[in-house]
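Here's the letter readout for the chains.
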Amino acid sequence: MNELARIVEALLFLSAEPLGVTELAGAAEVSEGEVVEALARLREHYAEGFRGVVLREVAGGFALATDPVAERAARRLLARPRTPPLTQAQAECLAAVAYLQPVSRPEIARIRGVASESAVGTLLERGLIEESGRSRFGAILYRTTALFEKLFGLAGLDSLPDPARFDPSPEEEGELRDRLLRAGDARSAG
Amino acid sequence: MNELARIVEALLFLSAEPLGVTELAGAAEVSEGEVVEALARLREHYAEGFRGVVLREVAGGFALATDPVAERAARRLLARPRTPPLTQAQAECLAAVAYLQPVSRPEIARIRGVASESAVGTLLERGLIEESGRSRFGAILYRTTALFEKLFGLAGLDSLPDPARFDPSPEEEGELRDRLLRAGDARSAG
Amino acid sequence: MRAASLDLDLEVFQGPFDLLLTLVLREEVDLLEVELADVVLAYVDHLERTGELELEAATEFLVLIAALLELKSRLMLPGEEEGLDWEPQEAAEELLARMLEYARYRAAARFLHERLAAESGFRYRSAPVPRALRRASLEVAEAAYDPELLGQAIGGLLRMPPPLDLHHIPRPSVTLDQRLAHLRKLLSDRRSFPFEDAVAGADRLTEAVTLFALLELYKAGEADWQQKEPFSPITVSAPAKETE
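No experiment lies behind these values; they were computed from the predicted model shown.

Side note on the overall build of chain C
Part 1 of the reasoning: For chain C, the helix and strand inventory stands at nine helices and six strands.
Part 2 of the reasoning: Out of the 244 residues in chain C, the part that is buried amounts to 36%.
Part 3 of the reasoning: For chain C, the exposed area adds up to about 15,300 Å²; of that, 54% sits on carbon and sulfur atoms.

Quick notes on the interface of chain B and chain A
Part 1 of the reasoning: Taken together, the contact between chain B and chain A spans 31 residues of the former and 34 residues of the latter.
Part 2 of the reasoning: For the pairing of chain B and chain A, the buried interface totals around 2,900 Å² over both sides, and the portion due to carbon and sulfur atoms is 67%.
Part 3 of the reasoning: Linking chain B with chain A are eight salt bridges.
Part 4 of the reasoning: As a salt-bridge pair, E29 of chain A and R76 of chain B come within 3.0 Å of each other at their nearest N and O atoms.
Part 5 of the reasoning: In this structure, the connection of chain B to chain A is made through 18 residue pairs in polar contact (both at pLDDT 80 or more).
Part 6 of the reasoning: Within the residue set of the side of chain B that touches chain A, elements represented by two or more residues are α1 (3–14), α2 (21–28), β2 (61–66) and α4 (71–77) of chain B.
Part 7 of the reasoning: Sort the elements by how many residues they give to the side of chain B that touches chain A and α1 of chain B lands first, with eight residues.
Part 8 of the reasoning: Class assignment of the residues belonging to the side of chain B that touches chain A gives a composition of 19 nonpolar, four polar and eight charged.

Considerations on the pairing of strand β5 (residues 224–227) of chain C
All names here are of chain C.
Part 1 of the reasoning: In this structure, β5 lies alongside strand β6 (residues 234–237), joined through four bridges in antiparallel fashion. Paired with Q226 across the strands is T235, a residue of β6.
Part 2 of the reasoning: Taking the residues between adjacent antiparallel strands as the criterion, β5 and β6 are bridged by six residues, where F231 takes a positive phi near 70 degrees.

Section: the packing of helix α2 (residues 21–28) of chain A against helix α3 (residues 32–45) of chain A
Residue and element names in this part refer to chain A.
Part 1 of the reasoning: Interhelical geometry of α2 versus α3 gives an angle of 105 degrees and a closest axis separation of 9 Å. What the angle tells us is that α2 and α3 run roughly perpendicular. Residues V21, T22, L24 and A25 of α2 form the contact with α3, whose participating residues are E32, V35, V36 and L39.
Part 2 of the reasoning: For the contact of α2 with α3, a count of residues per class yields six nonpolar, one polar and one charged.

Observations regarding unusual backbone geometry
Part 1 of the reasoning: Of note, the bond from Q101 of chain A into P102 of chain A is cis; its omega dihedral lies within 30 degrees of zero at -5 degrees.
Part 2 of the reasoning: Along the chain, P102 of chain A falls in the loop between α5 (88–100) and β3 (103–104).
Part 3 of the reasoning: In the Ramachandran plot, E29 of chain B falls in the positive-phi region, its phi being about 55 degrees despite a non-glycine side chain.

With respect to the environment of A16 of chain B
Part 1 of the reasoning: When you line up the elements, A16 of chain B lands in the loop between α1 and α2.
Part 2 of the reasoning: Once the C-alpha coordinates of A16 of chain B and L64 of chain B are considered, the two residues, 48 residues apart in sequence, prove to be 9.1 Å apart.
Part 3 of the reasoning: Filtering out sequence-adjacent residues up to four positions away, A16 of chain B remains in contact with A127 and P128 of chain C.

Remarks on the packing of aromatic side chains
Part 1 of the reasoning: The tally for this structure, following the rule as stated, stands at seven aromatic pairs over all chains.
Part 2 of the reasoning: Pairing Y99 of chain A with F166 of chain A gives two aromatic rings, centres 6.2 Å apart and planes at 75 degrees, and the pair type is edge-to-face. Of the two residues, Y99 of chain A is situated in helix α5 and F166 of chain A in the loop between α8 (146–151) and α9 (170–189); the sequence distance between them amounts to 67 residues. Both residues of the pair, Y99 of chain A and F166 of chain A, count as buried.
Part 3 of the reasoning: Three or more aromatic residues joined by ring pairs make a cluster, and in this case those are Y99 and F166 of chain A together with F111 of chain C.

What counts and how
- Every chain begins its residue count from 1, and numbering advances along the sequence as written.
- Working convention: letters from A go to chains and numbers from 1 go to ligands, in the order in which they are written.
- Reporting in this predicted model follows two pLDDT cut-offs: at least 70 for local features of residues, and 80 or more for side-chain atom pairs to be given and counted; totals over whole chains, interfaces and linings ignore these cut-offs and use all residues.
- Where side-chain values are given, they derive from all heavy atoms of the structure, hydrogens and water being excluded.
- A run of DSSP states H or I qualifies as a helix once it reaches four residues; a run of E qualifies as a strand once it reaches two. Both are numbered from the N-terminal end.
- The buried label goes to any residue with under 20% of its type's maximum accessible area, the exposed label to any with over 50%, and the partly exposed label to all in between, with areas taken from a 1.4 Å probe on protein chains only.
- For every accessible area listed, the method is Shrake-Rupley and the probe measures 1.4 Å; residues are considered covered only by the protein chains on display.
- We call two residues in contact whenever any of their non-hydrogen atoms come within 4.5 Å of each other.
- Buried area: the accessible surface (1.4 Å probe) lost by two parts on joining, summed over both.
- Salt bridge, as used here: a side-chain nitrogen of Lys or Arg that lies within 4 Å of a carboxyl oxygen of Asp or Glu.
- We define a polar contact as two N or O atoms separated by no more than 3.5 Å, with the added condition that, inside protein, one atom must be a possible hydrogen donor and the other a possible acceptor, whereas residues neighbouring each other in sequence contribute only through side-chain atom pairs.
- Residues are grouped as follows: Ala, Val, Leu, Ile, Met, Phe, Trp, Tyr, Cys and Pro are nonpolar; Asp, Glu, Lys and Arg are charged; every other residue, Gly included, is polar.
- When DSSP finds at least two bridges between two strands, those strands are taken to pair.
- Axis lines are fitted through C-alpha atoms, for helices just across the contact stretch, and the angle between N-to-C directions can take any value from 0 to 180 degrees.
- For classification purposes, an angle smaller than 35 degrees is called roughly parallel, one larger than 145 roughly antiparallel, one from 65 to 115 roughly perpendicular, and anything else oblique.
- Geometry of aromatic contacts follows a simple scheme: Phe, Tyr and Trp rings, the Trp one being its six-membered ring, pair when their centres are within 6.5 Å, and the pair is stacked under 30 degrees between planes, edge-to-face over 60, tilted otherwise.

Set out below in structure tokens:
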């Protein structure tokens, strides 16, 4: 490992948050190109599956994290689970914010069909979403945070899969449509 | 690196404090002998002078730490959070130490009317105040540091602004300390 | 309990809620004949009986009942009313679009769930930065704070805080002298009276002080008192005047 790679490794070790190439270059007083090269060297050293610590690209930057191989031991050592799971309501709100951001709470509620105060509040409290200005109508807008990307292992919001992937299959859609149309026909018949 | 060495590496990475062989063995659910062996393997990986992070054997166990090679870059990276704005509690504690030094924590607490552990701890950690012997009653005394004067742009302690300028109730001339204590007593009476 | 398994006992239908939904969608039960208010009442009854409001189940119930209400209100709209020329197909299409959109985010939520679970093994370091790196180094430190800050902080500490307002705490204030005077007045007015009269309407502290005052008067020979047996009424009387 050359000196720059060593420095980058040390900076990643010290920093609580993922570091971007620009920050690393600024701290090490080198060009971004050199940092990218150093990161490539580091990545070889930290190839997943060989070490207890791995190099991850999350939240628009790089971060060192422990490999899941150590999770059981880590939990025993630190005596705490990593992150509480999300409830269904929280996950739905988070999905709406992640894909539609910036998005207002009324909009989230419209999509989910129910008011979503409590779930949105919890997501805010847990730092997964944050406020991001106001809509034309004065409603607070929300977006996801860097912590969200970190906890979900996303390199950036671009790494979210295309939401069209989640659309119901044509068969499911067809079935839904049939049911509804029959209900509608009943109206005109009655 | 075998699985145990990977786990030990991960645990050392996560822990803020040095870990002993016993703790490591307990967390990984293996014998201490196995941990010693894993540490030997790790040591090969972390030989000083080759990595940005080194394995250190320090009082009480083993710890990962950054190599001095990265110190300059680390200072530059972490430069921003070193002078965050002071909270009201911190400003009050610092003012009490600055004007009354040397002063003990119980005295600071009496003057402020509230316990002041956390604020004093932060000031110590940021190097704005330091210990300065013990009072007659054995309490640790604090004084401000040279770093304090530099960060406040003070030529010396004489350059502290005259408290009378900020005194909301310029009563009779009196010792600053006495008046602070009286106000503090009224505060803690609540 | 899932809202779907809520047991219903309606005029046109008996059984679990989800069966009702299925039958409505299959048109085996006419939604127009279902009293949705009764469904809501049944759910509220259930909540009262079990005494617990499970948020997930409640949410599910609200979604289902809201969908039914919407559907029913559309069924009830007279088709020939002007200005409301929504074709049944249009109404259904709009509902469908919304249900599909919701389905998308439900699935996205599932993705996030799985993603979070998959990430749960990775832990990031949250150890504090070593002390030496946490401080500005003396050599390169520059003025970052305003000394006025310290003057203001110390000035603020010199301010005497307003005295604590305790008026909301009732503080009975009764003195021995007051009670002595009270007893003396009763004695001179009535010569003899039940102790009860001396403490009528008084609080416990006043009662205690009054009793103490009575003992003082007795000691000074200004009053006598009699009590036939423990806890029985006490009669206070002026002592027989010897000089008269």
